[in-house]
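# A closer look at the structure
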Amino acid sequence: MKTYAFIDASNIIYGSADAGWKMDYKKLRKYFQEKYGVKKIFYYAGLDAENKKQLRFYEKLQEFGYILRLVPVKVFRNGKKKADVDSRMTFEMMLYFNEYDRVIVMTGDGDFYWILEHLLKTKQQVFLFANRSNTARELRRLFKERFTGLQDIRHKLEF
């Protein structure tokens, strides 16, 4: 079975940081490859071209084998920065739909409810990984035992 993973970066980065730990992306890739046989990992995040630290981080992710899907960060009048990756991630889950048999999705964002519900109905296996405290209640209900809280596997993924 061919397995793909789709990662909503902001959910993982901020959720882990809020919980007091930092994700090791090399360990994450290894975990997904060994446990699920993941062939491709798509990583959706914002891109701030002025942020050199962020650019170095993205270079490392590419070295680890992640497929980066970067969306330019928008700066609003109030100074807040935001990159909307949700629509691109949803689109590509459907774009590559016929290429994978099972799928791992890393997000706690309730905006993904409809695509995740569809995947559960049409794919052999669908797994949701996220920080339990930052995951929409409706997603936890939808996934039940197929939901893995990152704190449950923190010891395998922590930097």
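To be clear, the structure that these remarks concern was listed above.
Read on for an overview of the structure.

Here is what the cut-offs are and how they apply
- Residues numbered from 1 in each chain as written.
- Predicted model: local features only at pLDDT ≥ 70, side-chain atom pairs only at ≥ 80, totals over all residues.
- Heavy atoms only, no water.
- Axes fitted to C-alpha atoms, helices over the stretch in contact; angles between N-to-C directions.
- Helix = DSSP H or I, 4+ residues; strand = E, 2+ residues; numbered from the N terminus.
- Parallel < 35°, antiparallel > 145°, perpendicular 65-115°, else oblique.
- Left-handed = near helix turned anticlockwise from the far one by under 90°.
- Contact = heavy atoms within 4.5 Å.
- Phe/Tyr/Trp six-rings, centres within 6.5 Å; stacked < 30°, edge-to-face > 60°.
- Buried < 20%, exposed > 50% of the residue type's maximum accessible area, 1.4 Å probe, protein only.
- Lys NZ or Arg CZ within 6 Å of the ring centre and 35° of its normal.
- Pairing = 2+ DSSP bridges.

## Considering the packing of helix α4 (residues 86-95) against helix α5 (residues 113-122)
Helix packing geometry: the angle between the two helix axes and the distance between the axes. Running from amino to carboxyl end, α4 crosses α5 at an angle of 20 degrees, the nearest separation of the two axes being 10 Å. Relative to α5, the element α4 is oriented roughly parallel. Here α4 and α5 pass one another in a crossing that is left-handed. Taken together, the residues of α5 that come into contact with α4 (itself represented by T90, M93 and M94) are I115, H118 and L119.

## Some points on the packing of aromatic side chains
Summed over all chains, the structure comprises 22 aromatic pairs. With centroids separated by 6.0 Å and ring planes inclined at 90 degrees, the aromatic side chains of Y36 and F129 adopt a geometry described as edge-to-face. One end of the pair, Y36, is in helix α2 (residues 25-36); the other, F129, is in strand β7 (residues 125-130), and 93 residues separate them in sequence. On the accessibility criterion, F129 (1% relative accessible area) is buried. Ring centres of F42 and Y96 lie 5.1 Å apart, and the angle between their planes is 15 degrees; this geometry places the pair in the stacked category. Of the two residues, F42 sits in strand β2 (residues 38-47) while Y96 sits in the loop between α4 and β6 (102-106), which places them 54 residues apart along the sequence. With respect to burial, F42 and Y96 carry one shared label: buried. Three or more aromatic residues link up through ring pairs in this structure, and these residues are Y4, F6, F42, Y44, Y96, F97 and Y100. Note that K123 overlies the ring of F97, its terminal NZ or CZ placed 3.9 Å from the centroid.

## Quick word on the sheet that holds strand β3 (residues 67-72)
With parallel pairing, the 6 strands of this open sheet are ordered in space as β3-β2-β1-β6-β7-β8. A strand with exactly one partner marks an edge of an open sheet, and here the two such strands are β3 and β8 (147-149). Geometrically, the sheet is characterised by an average inter-axis angle of 15 degrees between neighbouring strands, direction not taken into account. One ladder, built from 6 bridges, connects β2 with β3; its direction is parallel. Residue pairing for β3: F42 is matched across the bridge by I67. Running over the sheet, helix α3 (residues 52-64) touches β2 and β3 and is turned about 170 degrees from β2.

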